[in-house]
Each structure stands twice: as C-alpha cells, then as structure tokens.
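Here is how the chains run, residue by residue.
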Amino acid sequence: MRRRATIATAVAGLAIAGCGSGGVHEIAPWKSEAPYLPPPELQARSAPAASTPGAGTSAGRGSGAPTDAEVTRDLERAFGPGGARSVDAAGLSGEGLATIPPSAPARVAAIIRAGNSVARKPYVYGGGHGRVAGETFIDSAYDCSGSVSFALAAAGLVDSPMDSTALSRYGRPGPGRWVTIYANGGHAWMTVAGLRFDTSGRAERGSRWQSAQRGTVGFTVRHPPGL
C-alpha cells in the first residue's frame, strides 16, 4: 500500500539540539512493506549413525533426540564453522540489507525488517520526525535518530520519534542481548544482532546496515527492555 502526500512539515517541539531536533522537508510516497530476507536454509539432517552399544537414555537424552554434537555438526554444515553462533547473528546481503537470524525473537525480526525498509533512503536533518494525517515515522528521508526510532517503532518499542538526546536516556543502561543503542546530543545509532545500523554508513556502502563496528567513546549505551 502506498500513500501520497506533499505536505511540508517543520520539525518542532524538541528542545535539545542534536540529530532529529529540527529541519523542514517534504513527505513523499513510502512503501509500507519491508523486504524479507530469509536466513540460509538448514540442510537436511543426515541419517543417524548406529547407536553405540551401552549408550542408553540415562544421560538425559530421549530416544531419537539429537545429541549436542549432532546439532553442532548440522549448524556447521548449514552455516559454516562457528555455525552454532551464526543462528544469533544477522547477515548482510549484497544489496546492503540485513538478514534475520534463525533464533531472533519476533521483535528483533520486526526491527530488522523496518531497518531494511529505510536502510537505503536518503539522509535529511529532521527526517522521520514529522507527522502526516495523524501518522508518524512516514517520510522520504531519515536522519540518524529518525531511522533508529522508525526501526524501534516497528517492534512496538517507541510510539513517537525520538531525537538523539532522548535516545541517550531511552530504555535501560548497558548493552542488550540483541539490540544496543549508542546516542549522545549529536548522533545516534544501534547494533542489531551484531550488525551496525548507522546513518553514517550510507556514505560508505549506500546502506545504513554495516558489518564493521565503530568507536563508542562519548556515547551513552542503552538497550530496549527485554532485548
């Protein structure tokens, strides 16, 4: 579904300067459905080896259940060496979009899908902080905090755009299991399942998703509750 609007919006009401604190830009058509990039498919499990005499279920393994060694072997066959860790890590496609790791919770998957939908959109100061016909987040370009807010909103974690200063106080302190937000008065970015989502990355590869990390000195470290 596509919406068309040409309403110029002035971003106001954000008292502290920083990414997302102001600017005037034009709302443009926006594609509501983000692309879905599935993870690599697990290869079919090979036929189980014959059981070793004397190896019963007394060690806590149910009849027919795979052993830890079998699970690890299957993960490495599907995802390569270290495959057991790969199920928690997002990948990066050739188009600069993130793949959803197999073990990601639904809210993390929602963040990644939303991030993909704006990953390659242009940057504009104040982008993503407007409101049209009662709807927020819809824009033709996004600044750093606007794009982070957009992705978090898709998972129901924020209900209105936040500037970088507000994001530096959002959620709980410290890194998260899946999502970590880095913010200060002038910039905001986050990592999701091991990938960096950062407006500054567009200048490098045309996408906000980056596999390379960056320095965190001068940023507060926060995470969404439960993630």
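For the structure itself, look to the data block above.
Okay, so let's go over this structure.

Conventions used here
- Residues numbered from 1 in each chain as written.
- Predicted model: local features only at pLDDT ≥ 70, side-chain atom pairs only at ≥ 80, totals over all residues.
- Heavy atoms only, no water.
- Helix = DSSP H or I, 4+ residues; strand = E, 2+ residues; numbered from the N terminus.
- Polar contact = N/O pair within 3.5 Å; in protein donor to acceptor, adjacent residues only side chain to side chain.
- Contact = heavy atoms within 4.5 Å.
- Pairing = 2+ DSSP bridges.
- Axes fitted to C-alpha atoms, helices over the stretch in contact; angles between N-to-C directions.
- Core = buried A, V, L, I, M, F, W, Y, C linked by side-chain atoms within 4.5 Å.
- Buried < 20%, exposed > 50% of the residue type's maximum accessible area, 1.4 Å probe, protein only.

**Details of the side chain of T180**
As for its placement among the helices and strands, T180 is situated in strand β8 (residues 179-183). In terms of polar contacts, T180 uses its side chain to reach the backbone amide nitrogen of G176, at 3.0 Å. For T180, the contacting residues outside a window of four places in its chain are P175, W189, M190, T191, V221 and R222.

**Looking at the sheet that holds strand β7 (residues 172-173)**
Strand order in the open sheet made by the 6 strands is β7-β12-β8-β9-β10-β11, with antiparallel pairing throughout. Whereas interior strands pair on both sides, the edge strands pair on one side only; in this sheet they are β7 and β11 (209-210). Sheet analysis places β7 next to strand β12 (residues 220-223), joined by 2 bridges and oriented antiparallel. Its bridge partner being in β12, R172 is matched across the sheet by H223. Contacting β8, β9 (188-192), β10 (195-197) and β11, helix α3 (residues 106-118) runs over the sheet at an angle of about 130° to β9. The strands touched by helix α4 (residues 144-154) within the sheet are β8, β9 and β10, with β9 carrying the most contacts at an inclination of about 40°.

**Concerning the nonpolar core**
I111, L152, L167 and M190 are the most contacted members of the largest nonpolar core, which has 38 residues in total. Per element, the largest residue contribution to this core is 7 residues, and it comes from α3. In this view, L167 contacts S145, V148, S149, L152, M162, I181, A183, A188 and R222; residues no more than four positions away in its chain are not counted.

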